[in-house]
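# Close look at the chain arrangement
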Amino acid sequence: SGGSHGANFYGIGLQGATLTPGGNGTFVIVVPPAPSPNPPPQSTASPPLSPPLPPPWFSSPTIKLPPPAAAPPAPRTPYPIGARVVLTTQEIREALQSAQRGESLHLYLPPASSALKLAGDPLVAAGINLTMSSSGDGAILDGELNSQLILVTENANVQLFGLQLVRGRSQAAGGIMVTENASLSVQACHFVDCS
């Protein structure tokens with residue numbers, strides 16, 4: 001009706017509605033949007049943080065390993081039980097000179113890259129029971145073309161095993177000289193340039 005223009009209407013869902021003239025003598029009820037009953041609460045929590053990126057110079061940690069251990073030495077040939085190890089020509093001479101008559105003496109000469117040079121004097125086995133042995137390629141006794149290698153005398157009994165006997169020279173006997181009543185046994189030895 002004409003007295004309703006601009007009137008406010010109240011009721012369910014009509015709070016704040018007004019009546020405005022429309023076309024053809026009609027009126028339109030305009031309803032404003034209803035306020036939100038409960039606005040969403042504002043979050044006060046911080047957004048989850050991403051893990052920090054490493055600096056550009058960062059790299060994986062380097063693990064330092066200890067240097068590789070040196071290779072263990074090659075196992076040494078076990079010395080014969082009861083043998084005396086001699087490494088030089090001088091040690092051989094001292095052992096022969098200190099032996100008592102009738103004594104049994106076993107000298108072990110480890111194989112070596114260099115020869116045991118006799119420097120013009122043969123090794124002398126007098127009145128003893130002597131065994132001289134080596135292993136592997138065999139120790140080298142070198143007469144240097146200046147002397148015999150070994151003189152076996154005065155009832156001595158000598159056994160040689162696994163030696164290289166080289167460059168023995170003498171008018172009587174190049175490599176080894178054995179006098180009367182002495183004896184010599186040679187096994188697995190190599191004679192080279194002895195005359």
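Structure: above.
Note that the coordinates shown come from a computational prediction; the quantities given were computed from them, not determined experimentally.

### Remarks on the nonpolar core
- Counting residues in each nonpolar core, the largest one holds 28 residues, and the members touching the most others are I92, L107, L109, M132 and L141.
- Where this core is concerned, the elements lending two or more residues are α1 (89–98), β5 (104–108), β7 (123–126), β8 (129–133), β10 (150–153) and β11 (157–161).
- Take this core: its biggest share by element is three residues, from α1.
- Once residues within four sequence positions are removed from consideration, I92 is found in contact with V86, L107, L109, L116, L123, M132 and L141.

### Some points on the environment of L149
- If you trace the backbone, L149 turns up in the loop between β9 (140–142) and β10.
- In sequence terms L149 and C194 are 45 residues apart; their C-alpha atoms lie 9.0 Å from each other.

### Description of the sheet that holds strand β4 (residues 84–85)
- Strand order in this open sheet of five strands is β4-β5-β8-β11-β14, and the pairing throughout is parallel. Among the strands making up the open sheet, the edge pair consists of β4 and β14 (183–187).
- Against the sheet, α1 engages β4, β5 and β8, with an angle of about 175° to β5.

### Details of the side chain of T89
- Residue position: T89 is located in helix α1.
- Excluding anything up to four places from it in sequence, T89 contacts L116, K117 and L118.

### What to know about the pairing of β10
- Pairing geometry for β7 and β10, over four bridges, is parallel. If you follow A125 over to β10, its bridge partner there is V152.

### Examining the side chain of T153
- Within the secondary structure, T153 is located in strand β10.
- Given the relative accessible area of 15%, T153 is considered buried.
- Only 3.1 Å separates the side chain of T153 from the side chain of T179, close enough to count as a polar contact.
- Beyond its immediate stretch of four places on either side in the chain, T153 contacts V124, A125, A126, G127, T179 and A182.

### What about the sheet that holds β7?
- Strand order across the open sheet formed by three strands is β7-β10-β13, with parallel pairing between neighbours. At either end of the open sheet lies a strand with only one pairing partner, and these are β7 and β13 (176–178). Strand-to-strand twist in this sheet, taken as the mean axis angle between neighbours without regard to direction, amounts to 10°.
- Relative to β13, β10 runs parallel, the two being bridged by three bridges. If you follow V152 over to β13, its bridge partner there is V178.

### Notes on the pattern of salt bridges
- Under the defined criterion, the tally for this structure stands at three salt bridges.
- Between E154 and R101 there is a salt bridge, with the nearest N and O atoms lying 2.0 Å from each other. Here E154 is found in the loop between β10 and β11, whereas its partner R101 is found in the loop between α1 and β5, with 53 residues between them in sequence.

Reading guide: rules and limits
- Residues numbered from 1 in each chain as written.
- Predicted model: local features only at pLDDT ≥ 70, side-chain atom pairs only at ≥ 80, totals over all residues.
- Heavy atoms only, no water.
- Core = buried A, V, L, I, M, F, W, Y, C linked by side-chain atoms within 4.5 Å.
- Buried < 20%, exposed > 50% of the residue type's maximum accessible area, 1.4 Å probe, protein only.
- Helix = DSSP H or I, 4+ residues; strand = E, 2+ residues; numbered from the N terminus.
- Contact = heavy atoms within 4.5 Å.
- Pairing = 2+ DSSP bridges.
- Axes fitted to C-alpha atoms, helices over the stretch in contact; angles between N-to-C directions.
- Polar contact = N/O pair within 3.5 Å; in protein donor to acceptor, adjacent residues only side chain to side chain.
- Salt bridge = Lys/Arg side-chain N within 4 Å of Asp/Glu carboxyl O.

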